[in-house]
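# Chains, contacts and geometry: an overview
Each chain is listed here by its residues.
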Amino acid sequence: MRVSERLEKIPPYLFAEIDRKIAEAKAKGADVISLGIGDPDTPTLAPVVEAMHKAIDNPANHDYPPYNGTAAFRKAACDWMKKRFDVELDADTEMLANIGSKEAIAHVFFAFVDKGDYTLIPDPGYPVYKNATIFAGGIPFSMPLLEENGYLPDFDKIPEDVAKKSKLMFLNYPNNPTGAVCDLEFLKKAVDFCKKYDILLCFDQAYCEMTYDGYVAPSVLQVDGGKDVALEFYSHSKSYNMTGWRVGWVCGNKDAVKALGTIKNNIDSGTFKAIQDAAIAAFNVDKAEIEKLNKMYQERRDAAEAGLRELGWDIKPSKATFYLWLPVPNGMTSEEFVTLMLEKANVVVPPGNGYGKYGEGYFRVALTKDVETIKKCIQRMKDAGIRYN
Ligand SMILES: *Cc1c(COP(=O)(O)O)cnc(C)c1O
């Protein structure tokens with residue numbers, strides 16, 4: 001059999017070699033600790049699980065859901081957007097349930113990108129932006145996220161001819177993998193740029209609730225005219241420890257919502273209605289519960305950052321996400337450093353170049369283990385003589 005050309009165009013899986021080495025170390029009996037995966041390690045919030053128990057017993061939840069999400073879920077999502085950002089949305093035309101953000105992110109490229117069209121994507125970035133561009137026949141153009149710019153793209157560096165041929169831009173703040181944040185002023189610039197070139201601005205809000213030290217993440221829809229050009233992608237996964245549940249929403253420009261909805265109608269049939277009921281319970285979770293989770297990540301962040309500082313890394317406290325993005329020691333590649341970490345400290349961290357070529361020279365740490373385990377990792381690095389300088 002012959003697979004499609006589009007599949008052959010997907011870049012090789014950069015973690016494959018590391019996965020092989022992890023399996024090898026584990027087979028030899030090594031006690032490997034992974035700080036690799038961006039998946040919450042504590043359970044889904046209790047009121048959500050409780051709501052699911054009830055929802056699953058309701059026979060009205062057992063048939064096909066409405067394509068765009070249940071009316072109750074869309075209303076609850078609109079109410080949340082109003083309360084959280086003071087953004088007004090129409091539940092019928094500007095709101096769409098998704099089966100987890102990744103699904104909607106991948107599909108939006110099929111709604112907007114034709115063969116030869118450019119997309120503007122952050123590098124380093126969530127790999128789906130690039131690969132879905134390729135699946136749709138488009139050409140991904142990397143916007144470098146550089147440390148000296150606070151990991152924000154410089155729109156002035158995008159060549160005019162590329163901007164003119166671009167159909168869609170993706171931005172993601174709070175950012176995976178860098179942990180960087182942005183302000184409303186930056187989003188205003190993004191809206192202006194996308195208006196000028198008639199580009200759909202897609203804003204990935206996967207981490208908007210995972211913030212620290214008083215930082216509050218903004219929405220593009222808070223910018224005047226944001227709704228003219230933008231779609232936002234939200235997910236219950238990281239905010240409420242619901243990665244396995246597969247639910248979230250997309251909202252913003254009504255023509256874009258309609259276009260994405262048409263692609264989705266022809267591919268999927270929505271999220272199980274019981275899950276949408278449980279997701280409504282998540283919207284109503286006491287704010288203190290979210291703060292408790294953030295406090296937990298903050299304590300882990302503090303432990304990791306203090307330990308890494310002792311080992312020579314110069315780091316400022318991260319304001320958001322459960323990731324730390326750090327340079328590898330001088331003279332090493334990302335790949336060499338993560339191999340050293342695995343072989344000498346039995347600690348797994350992903351190499352920065354797995355998120356794009358501008359990620360070379362960095363590695364990511366996911367704070368998805370408790371403080372004790374994080375301290376153990378630091379001790380292992382110390383014992384193995386792994387330092388930044
Ligand atoms: C985790 C993540 C998502 C998607 O999460 P879903 O579980 O598919 O909702 C989207 N974008 C980024 C940047 C992420 O890290």
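Residues numbered from 1 in each chain as written. Predicted model: local features only at pLDDT ≥ 70, side-chain atom pairs only at ≥ 80, totals over all residues. Heavy atoms only, no water.

### A closer look at the sheet that holds strand 2 (residues 95-98)
Read from one edge of the open sheet, 7 strands run 2-8-7-6-5-3-4, paired in mixed fashion. Every interior strand has two partners, whereas the edge strands, strand 2 and strand 4 (139-144), have only one. On average, adjacent strands in this sheet sit at an angle of 20° to one another, irrespective of strand direction. Looking at chain direction, strand 6 (residues 200-204) and strand 7 (residues 230-235) are connected through 4 bridges and run parallel. Counterpart to Phe203 in the pairing with strand 7 is Glu232. Docked against the sheet, helix 11 (residues 254-265) engages strand 2, strand 6, strand 7 and strand 8 (248-252), running at close to 35° with respect to strand 2. (Pairing = 2+ DSSP bridges. Helix = DSSP H or I, 4+ residues; strand = E, 2+ residues; numbered from the N terminus. Axes fitted to C-alpha atoms, helices over the stretch in contact; angles between N-to-C directions. Contact = heavy atoms within 4.5 Å.)

### Some thoughts on the pairing of strand 4
One ladder, built from 6 bridges, connects strand 3 (residues 118-123) with strand 4; its direction is parallel. Each bridged residue has a counterpart across the sheet, and for Asp123 the counterpart in strand 4 is Pro144. The handedness of the strand 3 to strand 4 crossover, carried by helix 6 (residues 128-135), is right-handed. (Right-handed = clockwise from strand over helix to strand, strands pointing away.)

### Examining the domain arrangement of the protein
Partitioning the protein into structural domains gives domain 1 (5-43 + 288-383) and domain 2 (63-283). For domain 1 and domain 2, the distance between their C-alpha centroids amounts to 26 Å. Domain 1 puts 32 residues into the contact, and the matching count from domain 2 is 33 residues. Carbon and sulfur atoms supply 61% of the area that domain 1 and domain 2 bury against each other, a total of about 2800 Å² over both sides. (Domains from an automatic or database assignment. Buried area = accessible area lost by both parts, 1.4 Å probe.)

### Here's the deal with the packing of aromatic side chains
Under the counting rule described, the total for this entry stands at 27 aromatic pairs. Aromatic side chains Tyr234 and Trp249 sit 4.6 Å apart centroid to centroid with 5° between the ring planes, which places their arrangement in the stacked category. Separated by 15 residues along the polypeptide, Tyr234 in strand 7 and Trp249 in strand 8 bring together distant segments of the chain. What makes Tyr234 buried here is its relative accessible area of 1%. On the basis of relative accessibility, which here comes to 2%, the residue Trp249 falls in the buried class. Both rings, one in Trp325 and one in Tyr362, keep their centres 5.3 Å apart while their planes meet at 5°; by these two values the pair is stacked. Linking Trp325 in strand 9 (residues 323-327) with Tyr362 in strand 11 (residues 362-366), this pair joins segments that are 37 residues apart in sequence. (Phe/Tyr/Trp six-rings, centres within 6.5 Å; stacked < 30°, edge-to-face > 60°. Buried < 20%, exposed > 50% of the residue type's maximum accessible area, 1.4 Å probe, protein only.)

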